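Architecture at a glance
One letter stands for each residue in the lines below.
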Amino acid sequence: MKIKRFEFNMLPVNTYVLWDETNEAALIDAGCFTANEQQTLKRFIDSNGLQPKVLLNTHLHFDHLFGNAFVYRTWGIRPQANAADEFLLEQAPAQCRMFGFEINEPTVALGGYLKQGDVVEFGHTKLQAIAIPGHSPGGMAFYNAEDGCLFSGDSLFQGSIGRTDLAGGSFDELREAIRSRLFTLPPETVVYPGHDESTTIGKEMKDNPYFR
């Protein structure tokens, strides 16, 4: 599996494009806000001959779904996420205004729901859905065992964890979910978070101050 990370800059968020030898692709957290960011994503996909099949949201905070409408309009794919976060779609415009700007376009309704243990497939690739509530009620991570990588959204970061002071957040729930569902993965697993740079499960088990 190949991975391309885009850091879109409205509120710096990582968007990931995953694909394999079939050229079928999955998008995780389409955070492209501006027309230029959207076209950057499209040019990459077009120039590599990729066929987007799946759009996944690790959670539905507004900065992770700026590009959902663009992806739906361009490739006809609706986002999939955990049902517990669906209420955040209605709140997204108001949340953007709290940060001093208007949302770029109306949110797109979910096309499917994901829960703990689901398997998402595209091409020859499988992603295991792992429920990690706490940053948001419906937080999800996506694990690919074959390539030893995890897309953690805003649950686990290099040296940190996601904030838990937003609607439906829970510090204790987040730490417990990370301990029981992420720290049980192989320590060499590469973690691709929703913001900032990658890390590994082993490094976070050893060094992350929230688990000392």
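The structure reproduced in this document is the subject of the present report. Not measured: the values here are computed from a predicted model.

**A few points about the pairing of strand E7 (residues 119–122)**
Along E7, the buried face is formed by Val 120 and Phe 122; none of Val 119 and Glu 121, which line the opposite face, is buried. With 4 bridges connecting them, E7 and strand E8 (residues 125–131) associate as antiparallel partners. Across the sheet, the residue bridging to Val 119 is Gln 128, located in E8. Counted between consecutive antiparallel strands, the loop separating E7 from E8 contains 2 residues, among which Gly 123 sits at a positive phi close to 55 degrees.

**Re the pattern of salt bridges**
With the rule as written, the count across this model stands at 8 salt bridges. For Asp 46, the salt bridge goes to Lys 42, with nearest N and O atoms at 2.6 Å. Of this pair, Asp 46 and Lys 42 both sit in helix H1 (residues 35–47), 4 residues apart, which is roughly one turn of that helix. Classification of Asp 46 by relative accessible area gives partly exposed; the value is 44%. A salt bridge links Arg 163 to Asp 165; the shortest N-O distance between them is 2.7 Å. Judged by relative accessible area, Arg 163 falls into the partly exposed class, the value being 43%. If you follow the salt bridges from partner to partner, you end up with Lys 203, Lys 206 and Asp 207 in one network.

**Re the sheet that holds strand E10 (residues 149–153)**
An order of E7-E8-E9-E10-E13-E14 is seen for the 6 strands of this open sheet, with the pairing classed as mixed. A strand with exactly one partner marks an edge of an open sheet, and here the two such strands are E7 and strand E14 (199–200). Across 3 bridges, strand E9 (residues 140–144) lies against E10 in antiparallel orientation. For Phe 142, the partnering residue across the bridge sits in E10 and is Phe 151.

**As for the sheet that holds strand E3 (residues 24–28)**
Strand pairing in a sheet takes place through backbone hydrogen bonds and is either antiparallel or parallel in direction. Here we have 6 strands laid out as an open sheet, ordered E1-E2-E3-E4-E5-E6, and mixed in their pairing. The open sheet has two edge strands with one neighbour each: strand E1 (2–8) and strand E6 (112–113). Note: E1 against strand E2 (residues 13–19), 7 bridges, orientation antiparallel. Counted as the bridge partner of Lys 4 is Val 17 from E2. Packing against the sheet, H1 makes contact with E1, E2, E3 and strand E4 (51–56), and its axis sits at approximately 165 degrees to E1. Sitting on the sheet, helix H2 (residues 68–75) is in contact with E3, E4 and strand E5 (79–81), with an inclination near 150 degrees to E4.

Parameters at a glance
- Residues numbered from 1 in each chain as written.
- Predicted model: local features only at pLDDT ≥ 70, side-chain atom pairs only at ≥ 80, totals over all residues.
- Heavy atoms only, no water.
- Buried < 20%, exposed > 50% of the residue type's maximum accessible area, 1.4 Å probe, protein only.
- Helix = DSSP H or I, 4+ residues; strand = E, 2+ residues; numbered from the N terminus.
- Pairing = 2+ DSSP bridges.
- Salt bridge = Lys/Arg side-chain N within 4 Å of Asp/Glu carboxyl O.
- Contact = heavy atoms within 4.5 Å.
- Axes fitted to C-alpha atoms, helices over the stretch in contact; angles between N-to-C directions.

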